[in-house]
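# Survey of secondary and tertiary structure
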Amino acid sequence: SLNNLGVRYSELGRRQEALAPTEEALKIRRELAKTNPAFQGDLASSLNNLGVRYSELGRRQEALTATEEALKIRRELAKTNPAVLPDLAGSLNNLGNRYSELGRRQEALTATEESVKIRRELAKTNPAFQGDLASSLNNLGNHYSNLGRRQEALTATEEAVKITRELAKTNPAFLNDLALALNNLGVRYWDLGRRQEALAPTEEAVKIYRDLAKT
């Protein structure tokens with residue numbers, strides 16, 4: 001409940017208030033996991049969320065430390081339990097963002113590439129993971145771009161747009177993700193000097209965001 005409360009506060013933009021319940025949830029779960037390994041997964045979940053909370057508050061090094069610990073736990077769990085793979089991919093995706101925030105660009109790319117690889121495999125047999133795959137691809141495009149690998153950045157972002165466009169057709173919850181990917185696609189085209197092509201996806205992103213902002 002404390003873990004979820006932190007998420008709820010975050011969703012409302014109440015970032016400072018989100019931190020305290022997340023830290024309390026972590027403290028409880030850490031104690032539980034000391035005597036019962038069955039709570040390791042829950043501990044990793046709270047660590048993962050704490051990393052996001054710290055990141056939202058600009059506490060980047062603390063965000064990285066929490067995310068790295070979550071990843072370490074999930075990697076161990078996934079060795080014997082494939083059901084943990086989606087969570088492992090999520091931690092890798094977050095780790096890529098944490099490294100990127102600290103300017104550690106190559107490490108950000110490596111973590112995100114692994115996340116994409118896992119999520120691509122998951123999505124092959126379960127379409128429910130398509131959204132997660134698109135999220136990692138979108139981040140992958142950003143990390144390639146940060147390293148000056150512009151064509152690879154474009155390829156990843158185009159795939160993210162393609163996936164989210166299909167998902168948004170039947171689920172409006174993906175419209176925000178689509179707009180984000182389209183916005184990035186405009187940047188990718190611009191970086192390659194394809195300026196006329198950059199206009200259309202950016203205009204579409206603006207249109208979607210305008211509609212979302214109305215409500």
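Everything in this summary refers to the structure shown in the same document.

## Digging into the overall build of the protein
Per the secondary structure count, the protein includes 10 helices and 0 strands. Each helix and strand of the protein, placed in order from N terminus to C terminus, yields the pattern α-α-α-α-α-α-α-α-α-α. Whereas a compact globule of 215 residues would reach a radius of gyration of roughly 17 Å, the protein reaches 18 Å, a difference of no more than 12%. By its C-alpha atoms, the protein is 60 × 40 × 35 Å across when sized along the principal axes. Expressed as a percentage of the 215 residues in the protein, the buried residues total 41%. Taking all contacts inside the protein whose residues are at least 6 apart in sequence as the whole, residues at least 24 apart take part in 54%. Entry remark: accessible area of the protein is about 11,500 Å², with carbon and sulfur atoms responsible for 51%. Here the protein contributes 32 positive and 28 negative side-chain charges, whose respective centroids are spaced 2 Å apart.

## Brief notes about the packing of helix 5 (residues 85–101) against helix 6 (residues 105–125)
A packed helix pair is summarised by two numbers, namely the angle formed by the two axes and the spacing between the axes. Between helix 5 and helix 6, the shortest axis-to-axis distance is 8 Å and the interhelical angle comes to 155°. With respect to helix 6, the axis of helix 5 lies roughly antiparallel. For the pair helix 5 and helix 6, the sense of crossing is left-handed. On helix 6, the residues that touch Leu85, Pro86, Leu88, Ala89, Gly90, Leu92, Asn93, Leu95, Gly96, Tyr99 and Ser100 of helix 5 are Glu107, Ala108, Ala111, Thr112, Glu114, Ser115, Ile118, Arg119 and Leu122.

Thresholds applied
Counting from 1, residues in each chain are numbered in the order their sequence is written. Two thresholds apply to this predicted model, a pLDDT of at least 70 for residue-level local features and 80 or more for giving and counting side-chain atom pairs, whereas whole-chain, interface and lining totals are computed over all residues. To obtain the side-chain values, all non-hydrogen atoms of the structure were included, while hydrogens and water were left out. Starting at the N terminus, helices and strands are each numbered in turn, a helix being any DSSP run of H or I of at least four residues and a strand any DSSP run of E of at least two. Just to be clear, the radius of gyration here is over C-alpha atoms, and the globule rule we use is 2.2 Å times residues to the power 0.38. Exposure categories follow from relative accessible area, calculated using a 1.4 Å probe and restricted to protein chains: below 20% of the type maximum is buried, above 50% is exposed, and the middle band is partly exposed. Contacts are assigned to residue pairs that have any heavy atoms within 4.5 Å of one another. Exposure was quantified through the Shrake-Rupley algorithm and a 1.4 Å probe, taking into account, for residues, occlusion by the shown protein chains and nothing else. For this count, His and the chain ends are skipped, Lys and Arg are scored as positive, and Asp and Glu as negative. For the purpose of locating charges, the reference atoms are NZ of Lys, CZ of Arg, CG of Asp and CD of Glu. Here, axes are lines fitted to C-alpha atoms. For helices the fit covers the stretch in contact, and angles between N-to-C directions go from 0 to 180 degrees. Every angle not falling under 35 degrees, over 145, or within 65 to 115 is termed oblique; those three ranges are roughly parallel, roughly antiparallel and roughly perpendicular. Each crossing gets its handedness from the near helix: less than a right angle anticlockwise from the far helix is left-handed, clockwise is right-handed.

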